Amino acid sequence: MAEYKAAKSPYSLITLGLGSCVGVTLYDNLTKVGGLAHVMLPDSTLSGKKDYNPGKFADTAIDVLIEEMLRLGASKNRMVSKIAGGAQMFQIKSENNIMQIGKRNVEAVRNKLNQLNIRIIAEDVEGNYGRTIEFFCEDGRLAVRTIGHGTRIL
Amino acid sequence: MYSDLEMDALREIGNIGAGNAATALSMLLCKKITIKVPQIKIIPFDEVSQSVGGPEKLVAGIFMRISGDIEGNILIVIPEIDAYHLTEILLNAKRENGMDFSEMEKSALLELGNIVGSSYVTALSDFTKLSLKISVPSFAFDMAGAIISFPLSLYGYIGDTAFLIDTEFTEGLDGIRLHYFLIPDDKSLQLLLKAIGVNTVEHINQSRNGRI
């Protein structure tokens, strides 16, 4: 959780048991550099601490992930994104919107990618179930595994 | 971060709640229930799912929201096999160990959550004189990481660790285990300590104005 990592083919990147968090992958097809960020929360401006870990928030994790990918030789204008996660595991009526943190994570990720002009070419988001995702840097495939909802390749 | 006195006080809060909840659970199942001393955990997010067997482990989760004078979450986590056993006891019927729970079984587990959660919160409320309400429970059967991450992720705004009180209940004969997590919202921790007369310094809460 709240981590990010870039890698190059033939490696793959994996994150286990995504619930309300969102897995954001970026890929540069030419250099075969891929990146995966595990976003926990939508908005870094609500952080109570100034020296927060940038990997936690949608609006900061994508920036630091891109930087790491650039160091591995990727180019930003070739990057495309696939996203998965952002589920609402429990259905409870609540006076504030904390129950919908998954949905808000997804929206924040979409906004951020849009700002950066990075296209989302596939997504598997929301719903009420957990996901384990694996991203393959060799061809940009994203495997989404679930319990009881099958496996999908994006 | 917290003094020994504060940790003791929080452990005691956990103990009182868990004692009551164990009695209720024992009456519901007509079985002997033992509880471990509640543990106060202030740990990185990733480590929480380790305590129930890793992020991909299949578990049943029952979630309830506490509101009123303090706010927080209750999450009961039951390993897959133990959840099957529990439904057998609750419904007094043998079942096949398959993937899915029937609606009947889900509602039996929800009711168990309701009873355990309510008795815990009632004890907490009696002890602290705080007015507390508890939501209806919600059920999920999925990967532990996905189930646990939600109530913890809100701690992400104040740091890189989660705060929770973890109590393990074990049923006598079959050794059914369930984890009971009390996860108070960050501001509520101080209120909780104040309510039982433990004076604290303001540690961690700054500038969030209750926004989540």
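Keep in mind that what you see is a predicted model, and the values were worked out from it rather than measured.

Model confidence for chain A is summarised by a mean pLDDT of 90, while 97% of its residues fall at 70 or above. Mean pLDDT in chain A bottoms out at strand S1 (residues 4-8) of chain A, which sits at 92, and peaks at strand S8 (residues 141-145) of chain A, which reaches 96.

Residue and element names in this part refer to chain A. Spatial strand order, S1-S4-S3-S5-S6: 5 strands in an open sheet with mixed pairing. Edge strands, defined here as strands with exactly one partner in the open sheet, are S1 and strand S6 (119-125). Put simply, the sheet's adjacent strands are angled 15° from each other on average, direction ignored. Where S1 and strand S4 (residues 33-39) come together, 5 bridges link them in antiparallel fashion.

Residues and elements named next belong to chain A. The 4 strands are arranged S2-S7-S8-S9 in an open sheet whose pairing can be described as antiparallel. Looking at strand neighbours, the two that pair on one side only are strand S2 (12-18) and strand S9 (151-153), the edges of this open sheet. On average, each strand axis in the sheet is tilted by 10° relative to the strand beside it, whichever way the strands run. As defined by bridge partners, strand S7 (residues 131-136) adjoins S8 across 5 bridges and the pair is classed as antiparallel. When the sheet's bridge partners are listed, Phe 136 is paired in S8 with Arg 141.

All names here are of chain B. Closest axis-to-axis distance for the helix H1 (residues 4-29)/helix H6 (residues 186-195) pair is 10 Å, and the angle between their directions is 90°. If you check the angle between H1 and H6, you find them roughly perpendicular. Residues Glu 6, Ala 9, Leu 10 and Ile 13 of H1 form the contact with H6, whose participating residues are Leu 189, Leu 192 and Leu 193. When its residues are assigned to classes, the contact of H1 with H6 shows 6 nonpolar, no polar and 1 charged.

Residue and element names in this part refer to chain A. Counted by the stated rule, this structure contains 15 salt bridges over all chains. We note a salt bridge from Arg 145 to Glu 134, for which the minimum N-O separation is 3.8 Å. Here Arg 145 is found in strand S8, whereas its partner Glu 134 is found in strand S7, with 11 residues between them in sequence. According to the relative accessible area criterion, Arg 145 is partly exposed, its value standing at 31%.

A word on the side chain of Lys112(A). Among the structural elements, Lys112(A) can be located in helix H2 (residues 101-115). From its side chain, Lys112(A) meets the backbone oxygen of Asp59(A) in a polar contact 3.4 Å long.

All names here are of chain B. Under the UniProt annotation, the feature "domain: CheC-like protein" (unreviewed entry) is placed at residues 6-42 and 104-139. Counting secondary structure, residues 6-42 comes out at 65% helix and 19% strand; the distance between its end C-alpha atoms is 13 Å. Secondary structure across residues 104-139 divides into 69% helix and 14% strand, with the first and last C-alpha atoms of the span separated by 12 Å.

This part takes up the pairing of strand S4 (residues 72-79) of chain B. Residues and elements named next belong to chain B. Within S4, 8 of the 8 residues are buried, which leaves it mostly tucked inside the rest of the structure. Residues Gly 72, Ile 74, Ile 76 and Ile 78 of S4 are buried on one face, and the alternating residues Asn 73, Leu 75, Val 77 and Pro 79, pointing to the opposite face, are buried as well. Pairing of strand S3 (residues 58-68) with S4, which is carried by 8 bridges, proceeds in the antiparallel orientation. By the bridge assignment, Phe 63 is partnered in S4 with Leu 75. Hairpin connection, S3 to S4: the antiparallel pair is bridged by 3 residues. Pairing between S4 and strand S8 (residues 177-184): 6 bridges, direction antiparallel. Bridge pairing in S8 places Val 77 opposite His 179.

Another aspect to go through is helix H3 (residues 80-91) of chain B. All names here are of chain B. Between its terminal C-alpha atoms H3 stretches 17 Å, which fits the 16 Å expected from 12 residues at 1.5 Å a residue. For H3, every residue scored as buried is listed here: Asp 82, Ala 83, Tyr 84, Leu 86, Thr 87 and Glu 88. Here the buried face of H3 lies against H1, S3, S4, helix H4 (103-128), strand S6 (138-143) and S8. In the stretch just after H3, Asn 92 is the one whose phi turns positive, near 55°.

Rules used in this analysis
- Residues numbered from 1 in each chain as written.
- Chains lettered and ligands numbered in written order.
- Predicted model: local features only at pLDDT ≥ 70, side-chain atom pairs only at ≥ 80, totals over all residues.
- Heavy atoms only, no water.
- pLDDT = per-residue confidence, 0-100.
- Helix = DSSP H or I, 4+ residues; strand = E, 2+ residues; numbered from the N terminus.
- Pairing = 2+ DSSP bridges.
- Axes fitted to C-alpha atoms, helices over the stretch in contact; angles between N-to-C directions.
- Parallel < 35°, antiparallel > 145°, perpendicular 65-115°, else oblique.
- Contact = heavy atoms within 4.5 Å.
- Nonpolar A, V, L, I, M, F, W, Y, C, P; charged D, E, K, R; others polar.
- Salt bridge = Lys/Arg side-chain N within 4 Å of Asp/Glu carboxyl O.
- Buried < 20%, exposed > 50% of the residue type's maximum accessible area, 1.4 Å probe, protein only.
- Polar contact = N/O pair within 3.5 Å; in protein donor to acceptor, adjacent residues only side chain to side chain.
- UniProt positions renumbered as here; feature names shortened; annotations may be inferred.
- Expected span 1.5 Å × (residues − 1).

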